[in-house]
Amino acid sequence: MTMLKFATAGLALLLITGCASRAEIDMPNIKPVQSLAYEHKTFYPDIYYSQPQANLFSGAATQAMRPLGSVKLPRASSPPMKNFDLLLREQLPSTSVITHDAREKDYRLKVEIQAHENRGPVYLDYLMAKNLPMNLLTFGIANEDFDVIADFEVVYCLYDKDEQLLYRKDYTVKDSVPHQTGNFDLGDRMLMPARDMMKKYLQLTMNDFFIQASQPSLRHVAVVSPPAI
């Protein structure tokens, strides 16, 4: 009888916890921007990052923009930023070239990513008020609820080989998607939705930027603060 009670209790807990409802991030289908201005050209990516200082409250000082390779990036969003060359490659014609030698460039693409939270541009927000009662009820084996939050600004500036600004555009990214983790969602598996969301918005903003920058009527024009994505 005791074993039956334990089995019944275990079944009840499984029914309560159920399967984790993981976030589904709709990834865009990005196509290279076909423009004569980009054909057979060499692009030099120049990426910078900043976020508020850790362990400080709202209104805290923001760290200075620093080259991407010289800052410690948040785990949840670092892979897309570290693999920026691959995302840039998706935007450009197959005849274009990416270089890390500024002397070889036809264009310099300067990118500034500014996180609004010290947790990074995209992060998992733990929903304490929702998780605590369920964890108490299920002795800590319940699935846990998060929001995957994107909250950052990204600025793109395209310069020619003589360092003349050709085009600039600023983007404000704000998005939130519910996400639920199970007991076996650990490490990188737990962070995948945040990484996908970061990749998604870098792809979308960069693609829009190159489309706009390729239009002759907009060349040599600096555009600031468009609507949020």
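Just so you know, these numbers come straight off a predicted model, no measurement behind them. (Residues numbered from 1 in each chain as written. Predicted model: local features only at pLDDT ≥ 70, side-chain atom pairs only at ≥ 80, totals over all residues. Heavy atoms only, no water.)

Asks: Any chance you could explain the overall build of the protein chain here in plain terms?
Replies: For the protein chain, the helix and strand inventory stands at 5 helices and 8 strands. Reading the protein chain from its N end, one meets helices and strands in the order α-β-β-α-α-β-β-β-α-β-β-α-β. By residue count, 45% of the 229 residues in the protein chain fall in the buried class. The contacts in the protein chain between residues at least 6 apart in sequence include a share of 78% that link residues at least 24 apart. (Helix = DSSP H or I, 4+ residues; strand = E, 2+ residues; numbered from the N terminus. Buried < 20%, exposed > 50% of the residue type's maximum accessible area, 1.4 Å probe, protein only. Contact = heavy atoms within 4.5 Å.)

Asks: Could you clarify how one ought to interpret the nonpolar core in this entry?
Replies: Counting 44 residues, the largest nonpolar core has Leu-109, Ile-113, Phe-152, Tyr-156, Leu-158, Phe-209 and Phe-210 as its most contacted members. Counting residues per element, the ones that place at least two in this core are β1 (42–50), α3 (84–91), β4 (107–115), β5 (122–126), β6 (144–160), β7 (165–181) and α5 (188–213). Per-element tally for this core: the top contributor is α5, with 10 residues. Ignoring any residue separated from it by four or fewer positions in sequence, one finds Phe-209 in contact with Leu-109, Tyr-156, Cys-157, Leu-158, Tyr-167, Arg-168, Lys-169 and Tyr-171. (Core = buried A, V, L, I, M, F, W, Y, C linked by side-chain atoms within 4.5 Å.)

Asks: Just to check I follow, could you spell out the packing of aromatic side chains for this structure?
Replies: Any two aromatic rings considered together are summarised by their centre-to-centre distance and by the angle between their planes. Under the definition given, this model contains 9 aromatic pairs. With centroids separated by 5.5 Å and ring planes inclined at 85°, the aromatic side chains of Tyr-38 and Phe-210 adopt a geometry described as edge-to-face. Taken together, the positions of Tyr-38 in the loop between α1 (2–17) and β1 and Phe-210 in helix α5 put the pair 172 residues apart, joining distant regions of the chain. Three or more aromatic residues joined by ring pairs form one cluster here, namely Tyr-38, Phe-43, Tyr-107, Tyr-156, Tyr-167, Tyr-171, Phe-209 and Phe-210. In this arrangement the basic side chain of Lys-110 is found over the ring face of Tyr-48, its NZ or CZ atom lying 5.5 Å from the centre. (Phe/Tyr/Trp six-rings, centres within 6.5 Å; stacked < 30°, edge-to-face > 60°. Lys NZ or Arg CZ within 6 Å of the ring centre and 35° of its normal.)

Asks: I'm lost on the confidence of the model for the protein chain in this one. Help?
Replies: Low pLDDT marks stretches whose predicted atomic positions should not be read closely. Taken as a whole, the protein chain shows an average pLDDT of 79; of its residues, 67% reach a score of 70 or greater. Confidence drops under a pLDDT of 50 for residues 3–18, and excluding neighbours within four residues, the segment shows 11 contacts in the predicted structure. This stretch, residues 220–228, has a pLDDT under 50; its non-local contacts, to residues over four places away or in other chains, come to 18 contacts. (pLDDT = per-residue confidence, 0-100.)

Asks: Help me understand the pattern of salt bridges in this model?
Replies: All told, the structure shown has 10 salt bridges when counted by the stated rule. Salt-bridge contacts for Lys-174 lead to Asp-151; the nearest nitrogen and oxygen are separated by 2.8 Å. Placement of the pair is Lys-174 in strand β7 and Asp-151 in strand β6, with a sequence separation of 23 residues. Taking the relative accessible area as the measure of exposure, Asp-151 reaches 13% and is therefore buried. Close ionic contact of Lys-169 with Asp-208 constitutes a salt bridge, the shortest N to O distance being 2.9 Å. On the criterion of sequence distance, the pair formed by Lys-169 in strand β7 and Asp-208 in helix α5 is long-range, its members being 39 residues apart. For Asp-208, a relative accessible area of 24% translates into the label partly exposed. The network of salt bridges with common partners includes Asp-46, Lys-105, Arg-108 and Glu-163. (Salt bridge = Lys/Arg side-chain N within 4 Å of Asp/Glu carboxyl O.)

Asks: What should I look at first to understand the side chain of Lys-200 in this one?
Replies: Within the secondary structure, Lys-200 sits in helix α5. No salt bridge is formed by the buried Lys-200; the nearest opposite charge belongs to Asp-175, separated by 4.5 Å. When near neighbours in sequence (up to four residues on either side) are disregarded, Lys-200 contacts Ile-25, Asp-26, Met-27, Pro-28 and Asp-175. (Lys, Arg positive; Asp, Glu negative; His and termini not counted.)

Asks: When you look at α3 in this model, what are you seeing that I'm missing?
Replies: When we look at burial in α3, the residues that qualify are Phe-84, Leu-87, Leu-88 and Gln-91. The buried residues of α3 occupy an angular sector of 100° when the element is viewed end-on, so they sit on one face. (Arc of directions from axis to C-beta.)

Asks: Please explain the pairing of β4 as it appears in this structure.
Replies: Residues in a regular strand point their side chains to alternate faces of the sheet. Extensive coverage of β4 is indicated by the burial of 7 of its 9 residues. The sheet contact formed by β1 and β4 spans 8 bridges and is parallel. Residue pairing across strands places Ser-50 opposite Gln-114, the latter belonging to β4. (Pairing = 2+ DSSP bridges.)

Asks: In this structure, what is going on with the environment of Gln-63? I would like to understand it.
Replies: Among the secondary structure elements, Gln-63 is positioned in the loop between β1 and β2 (66–67). On the basis of relative accessibility, which here comes to 37%, the residue Gln-63 falls in the partly exposed class. Gln-63 sits 13 residues away from Ser-50 along the chain, and the two C-alpha atoms are 5.6 Å apart. Not counting the four nearest positions on each side in its chain, Gln-63 is found in contact with Ser-50, Gln-51, Pro-52 and Gln-53.

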